[in-house]
Amino acid sequence: MAKQPPVTACGDSPNCVSTEDTRATFQLAPLRLANTDVALANIVEKIASMPHAELVSAQDNYAHLRFTTRVLRFVDDVEVSLNGDQIALRSASRVGYYDFGANRRRADAIRRTLIEAKLITPSGAH
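Residues numbered from 1 in each chain as written. Predicted model: local features only at pLDDT ≥ 70, side-chain atom pairs only at ≥ 80, totals over all residues. Heavy atoms only, no water.

## Regarding helix H1 (residues 40-48)
How we decide: Using a 1.4 Å probe on the protein chains alone, a residue whose accessible area is under 20% of its type maximum counts as buried, one over 50% counts as exposed, and one in between counts as partly exposed. To qualify as a helix, a DSSP run of H or I must reach at least 4 residues; to qualify as a strand, a run of E must reach at least 2; elements of each kind are numbered from the N terminus. Working note: the arc is built from the helix axis to C-beta atom directions. Pairs of residues are marked as contacts when any of their non-hydrogen atoms sit within 4.5 Å.
Of all the residues in H1, the buried ones are Leu40, Ile43, Val44 and Ile47. Viewed along the axis of H1, the buried residues span an arc of 95°, placing them on a single side of the element. Opposite the buried face of H1, at more than 90 degrees from it, the exposed residues are Ala41 and Glu45. Contact partners of the buried residues in H1: strand S3 (53-59), strand S4 (62-68), strand S5 (75-83), strand S6 (86-93) and helix H2 (102-116).

Pasting the structure below:
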């Protein structure tokens, strides 16, 4: 069995956001499952159906997706994993230093998509 990479905090360049980061600039609010019947596969399927998204790989409790911007074709990586009832999410640009808030907007769009699908709780808390 291949080792699953963990969803991590961000580095120091402001082109990343993560639920695993404690610094305000990079931090995303927690994502919690709406109920125990939700599997990571449900979450990944919903994210992969978003515009410009492509599933790169999926393992037991980890998935890697990529989003490609329409005009300039920049690639951003999104990682997601499930630990109990909490979803770890990281969105980061592959190139460049500053992303003009693109990864935070994407993470917010992912949150809205998962809330609308009733896969996560609206507040991030129980």
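## Details of the side chain of Thr68
Structurally, the position occupied by Thr68 is in strand S4. Thr68 gets classed as buried once you look at its relative accessible area, which sits at 18%. Residues in contact with Thr68, not counting those within four places in the same chain, are His52, Arg73, Phe74 and Val75.

## Thoughts on the layout of surface pockets
As a reminder of what qualifies: Here the term cavity refers to a set of points on a 1 Å grid, laid over the protein atoms alone, in which a 1.4 Å probe fits but cannot get out; the term pocket refers to an open set having protein on both sides within 12 Å along at least five of seven lines, with lining residues being those that place an atom within 4 Å of a point. Grid points are joined across faces, edges and corners, and a volume is the space filled by probe spheres set on the points. Following the grouping adopted for this structure description, the nonpolar residues are Ala, Val, Leu, Ile, Met, Phe, Trp, Tyr, Cys and Pro, the charged ones are Asp, Glu, Lys and Arg, and the polar ones are all others, Gly among them.
In this structure, the largest pocket spans a volume of roughly 190 Å³. Taken together, 14 residues line the largest pocket, and the ones lying closest to its centre are Phe74, Asp76, Ser93, Tyr98 and Asp99. Those elements giving two or more residues to the lining of the largest pocket turn out to be S5 and H2. Classifying every residue of the lining of the largest pocket by side-chain character gives 7 nonpolar, 3 polar and 4 charged.

## Remarks on the state of the cysteines
Convention followed: Here, the term disulfide refers to a pair of cysteine sulfur atoms separated by no more than 2.5 Å.
Counted under the stated rule, the structure contains 1 disulfide. With a sulfur-sulfur separation of 2.1 Å, Cys10 is cross-linked through a disulfide to Cys16. Taking the sign of the torsion about the S-S bond as the criterion, the disulfide between Cys10 and Cys16, at about -75°, is left-handed. Judged by relative accessible area, Cys10 falls into the buried class, the value being 9%.

## Some thoughts on the pairing of S5
We count it as follows: Should DSSP find at least two bridges between two strands, the strands are regarded as paired.
For S5, the buried fraction is high: 8 of the 9 residues fall into the buried class. Counted along the chain from S4 to the antiparallel partner S5, the turn is 6 residues long, and its residue Arg73 has a positive phi close to 60°. Here S5 runs beside S6; their pairing, made up of 8 bridges, is antiparallel. Bridge pairing in S6 links Leu82 to Ile87.

## Some thoughts on the nonpolar core
Put simply, the rule reads: We define the nonpolar core as a collection of buried residues of types Ala, Val, Leu, Ile, Met, Phe, Trp, Tyr and Cys that are connected through side-chain atoms lying within 4.5 Å of one another.
Grouped together as the largest cluster of nonpolar side chains are 25 residues, with contacts concentrated most on Ile43, Ile47, Val80, Ile87 and Leu89. Sorting the residues of this core by element identifies H1, S4, S5, S6 and H2 as the ones contributing at least two each. Once residues within four sequence positions are removed from consideration, Ile87 is found in contact with Thr19, Leu31, Leu33, Ile43, Val80, Ser81, Leu82 and Ile120.

On their own, these measurements won't tell you what the molecule is for.
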